[in-house]
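An overview of the molecular structure
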Amino acid sequence: MSRSEVRDQASQQDGGGFEPRIIGFLCNWCSYAGADLAGLSRMQYPHNIRIIRVMCTGRIDPTFVLQAFHDGTDGVLVAGCHPGDCHYMAGNEKAIRRLNLLKAYIAEMGLETERLRVEWVSASEGERFADIVRSMVDALKKIGPNPLTETVSSKR
Amino acid sequence: MNEVAASSEAVPRVGVYVCHCGKNIADTVDVKKVSEFASSLPNVVIARDYVHVCDEVGQDTISRDIKEQKLNRVVVAACSPKVHEVTFRRTLAKSGLNPYLLEVGNIREQCSWVHIDNKDLATEKAKDLVIMAVSKALLLRPLEAKEIETTKSTLVIGGGIAGVQAALDLADSGIKVHLVERASNIGGRMAQWGKVFPTMDCAACILMPKLVNVVQHPNITLYTHSEVKDFSGSLGNFKVKIVRKPKYVDEEKCTGCGTCAQKCPVKVPNEFDFGLGQRKAIYIPSPNAIPQKYTIDTDHCLYFTKGVCKVCQKFCTSGAINYEQQPQTVDIQVGTVVVATGYDPFDPSGILEYGFGKYDNVITGPMVERMADAMGPTGGKIIRLSDKKPPKKVAFLQCVGSRDEKLRLAYCSRVCCMYALKDAMMLKEEDPSIEATIFYIDIRAFGKGYEEFYVRGQERGVKFVRGKVSSIVEEPDTKRLRLRYEDTLLGRTIVEAFDLVVLSVGQLPRKEDQELGKLLGLPRGIEGFFMEAHPKLRPNDTVVDGIYLAGSAQYPKDITDAVAQASGAASRAAISLQVGKVQIEPVAPTVDENYCGGCGICVGTCTFNALKFDKQGEKRVVRVDESLCKGCGSCVAACPLSAIKAPQFTDQQIAAQVKALLRPETLRR
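In this report, the structure presented in the accompanying data block is examined. As the structure is a prediction and not an experimental result, all values here were calculated from the model. (Residues numbered from 1 in each chain as written. Chains lettered and ligands numbered in written order. Predicted model: local features only at pLDDT ≥ 70, side-chain atom pairs only at ≥ 80, totals over all residues. Heavy atoms only, no water.)

**A look at the sheet that holds strand 10 (residues 220-223) of chain B**
Residues and elements named next belong to chain B.
- Spatially, the five strands line up as an open sheet ordered 10-7-6-18-29, and their pairing is parallel. Both outer strands of the open sheet, strand 10 and strand 29 (547-549), are each paired with one neighbouring strand and no more. Within this sheet the neighbouring strands show an average axis-to-axis angle of 20°, counted without direction.
- Of the pairings in the sheet, the one linking strand 7 (residues 176-180) to strand 10 comprises four bridges and is parallel in character. Bridge pairing links valine 177 to isoleucine 220 in strand 10. (Pairing = 2+ DSSP bridges. Helix = DSSP H or I, 4+ residues; strand = E, 2+ residues; numbered from the N terminus. Axes fitted to C-alpha atoms, helices over the stretch in contact; angles between N-to-C directions.)

**Concerning the sheet that holds strand 1 (residues 14-19) of chain B**
Residues and elements named next belong to chain B.
- In space, the four strands of this open sheet follow the order 2-1-3-4, with parallel pairing throughout. Looking at the sheet topology across the chains shown, the edges are occupied by strand 2 (44-50) and strand 4 (102-106). Each strand axis lies, on average, 15° off the axis of its neighbour in the sheet, ignoring direction.
- In the sheet, strand 1 pairs with strand 3 (residues 73-78) via five bridges, with the strands oriented parallel. Directly across from valine 18, in strand 3, lies its bridge partner alanine 77.
- Sitting on the sheet, helix 4 (residues 81-94) touches strand 3 and strand 4, and the angle it makes with strand 4 is about 150°. (Contact = heavy atoms within 4.5 Å.)

**As for the pattern of salt bridges**
- Considering all chains together, one arrives at 50 salt bridges over all chains under this definition.
- One salt bridge in this structure joins glutamate 125 of chain A and arginine 128 of chain A, with 3.8 Å as the shortest N-O distance.
- Assessed through its relative accessible area of 18%, glutamate 125 of chain A is described here as buried.
- Two residues, arginine 108 of chain B and glutamate 109 of chain B, come together in a salt bridge whose shortest N-O distance is 2.9 Å. Here arginine 108 of chain B and glutamate 109 of chain B have matching classes, each one buried.
- Overlapping salt bridges, with partners in common, bring together Asp71 of chain A together with Lys659, Arg663 and Glu665 of chain B in one network. (Salt bridge = Lys/Arg side-chain N within 4 Å of Asp/Glu carboxyl O. Buried < 20%, exposed > 50% of the residue type's maximum accessible area, 1.4 Å probe, protein only.)

**What about the state of the cysteines?**
- The full count for this structure, using the stated rule, is one disulfide over all chains.
- Disulfide pairing is shown between cysteine 202 of chain B and cysteine 205 of chain B; the S-S distance is 2.4 Å. Between cysteine 202 of chain B and cysteine 205 of chain B the disulfide shows an S-S torsion of about 85°. By sign, it is right-handed.
- Cysteine 56 of chain A supplies the cysteine sulfur nearest to cysteine 86 of chain A, a cysteine that is in no disulfide, at a spacing of 3.9 Å. (Disulfide = S-S within 2.5 Å.)

**Some words on the side chain of asparagine 48 of chain A**
Residues and elements named next belong to chain A.
- Here asparagine 48 lies in the loop between helix 2 (31-40) and strand 2 (49-54).
- Assessed through its relative accessible area of 4%, asparagine 48 is described here as buried.
- For asparagine 48, the residues in contact, after removing those within four places along its chain, are Glu19, Pro20, Arg21, Ile22 and Val137.

**So, the pairing of strand 18 (residues 336-339) of chain B**
Residues and elements named next belong to chain B.
- In strand 18, alternate side chains face the same way, and those of Thr336 and Val338 on one face and Val337 and Val339 on the other are all buried.
- By the bridge criterion, four bridges tie strand 6 (residues 153-157) to strand 18 in an arrangement that is parallel. Paired with threonine 154 across the bridge in strand 18 is threonine 336.
- Examined bridge by bridge, strand 18 and strand 29 share three bridges and lie parallel to one another. Note on strand 29: the bridge partner recorded for valine 337 is isoleucine 547.

See below:
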């Protein structure tokens, strides 16, 4: 069985329906540690997210997000330190400015803005991280798969 | 060093190690399937699964494979990189491979532990995380950590028992210490207590020698009435700006005779006594304060508020009063920092049911301490505030401001059971006929000698009632307090009158720590105390290399634990200083001057002023100052020409992880 077939079978067993794919960009000091804490505390959340570690959300080039949507992700989560708590002082402030602009841009591209979610999660907020993943999976299930995927794959 | 294999021209040969972590990963993720999947990936030469990759056998296996399989990239799929990235980097280094040719995939904290009921999906996720890690590993480049010399000096912030202990340990080992204290005198909370548990030692008697030692120590520079105003740099070389706020008293000339305070006409409630006693506008907080130097409180001094008086200057025989004294800024360079800023006792005025602040005879544990101090505001006598008479019946209420979800102070402050017991014992020692009752939820007598102290208290006749007091009402004529409580062991609700009620208040983080945390880059936990790097293995470290924690600033604790932790923090802080040098992580980006157009967008993004304009011939370019760069990568994201290249977490590596996940078919040899 191919890997996508395993995924489909598993989601059928779950009651069927679309399983959104989420890529999370998490910063090393706050949100990545918060996600680790969720694990340490054995908080359970949906499997749909795959996390990529960066040192700071300020590192996130909007092209990473754009490429992710182009390649078929259904949602992107960017999680960083709370305003005022950035390990590098103001990296998260740069991130929010870039990502807010990016949200407007993806709307123009025909992507629902709920697909790009920016959150602040501190190193002690394991529960919060789990909640964010749960709510994002629910929201994406409602709006369905990335509308670009068909367009892009048909051009391949 | 296997230079050829690690060079960018050599074909990547990846070894993948999938850890079971005992049952932590293997119970949920099918590690064998993940390992098989890994071996199917391009450039993966060998893939293994093992029960604890971090143990000796695991590490030796990696070492052997590096040599025998000529590996030049290693992927470990295991616990969070925040746990063992350092461990595996060492393994690579010992095996002759550049330690930065390692990538760790997090299949425990972010996979097996959070998808326990979804074994198939967790296994699929683990495979995804492995393919992402491998794709990043293919693009890793060897990096060199730079070695820099450390400044053999430490900054200790906070002059309480923890800060003092750390300072003395460091100074005794030959390290120069800069000890900064916000208050005019050192000693912190311990200087405010009368006796300490369980020995019933006089707090001042055991503290004073240490404080005198600090003042006299040739290796300690003491800054009182001072604050840390600016902070930058990194382990081995922190640059600190200390501001000495003016006391308006020349410390060289002041003899501590106290004539100025005697003559000063302004009386102010003394914060050191929690408002019980009074001090003057020119003051020392207590008669045995160290250093014995006076300070002018400009908020109340008549000269500073109204331009009149100047009586202190008139009567000072040493000419020590100087109304023109200016704040003094001192710039220092240190190798490490110890943060020992202590705590504030909880203010129970917000708990309306208890009547603190409304009823004279409802006081707090710290106020009892000030009364018990022989040099304190009541001459060592514990008295009722309404009529200044000693009480015959005293109630102690535990867990005020602790273990309280409603107040969002869910944690236990550790010391209150013991200090209430101590205060009850002090009352009994003074007058065995005094009735002392402790209203508790649990009695926590966890330390050495504490349980025996608790038993002694019971034998001396201290009463214990298991139950919380729900309300306190004052009898208007006698000012006695009527406590309504449930005795849960008897299963009855009782109303009983007491002469004096003592609220055993917990320890709270200091409000000023919020600012200090931002200045130093230290995160705080959900309770507000500074976060340790790891609660079990690194309780004295912070996530910032070179900054350590001691005392209640990290979490409520008693003097014994504060001293133990302070010595631990001092030992940690001394390591890199005694070695004399330290490795600096290669995090600073490089500017490719062929691409840099000198636009300066990056210069504006850098909070640390690490990017500076320079000239390359006629062209304006930007250069990175590695000593200031923290490696956040904001500039890398900002550069419109991608001229700034990150050494780790490169654009290509991040893009590769995204592609490997979403379009795995594109992962080619």
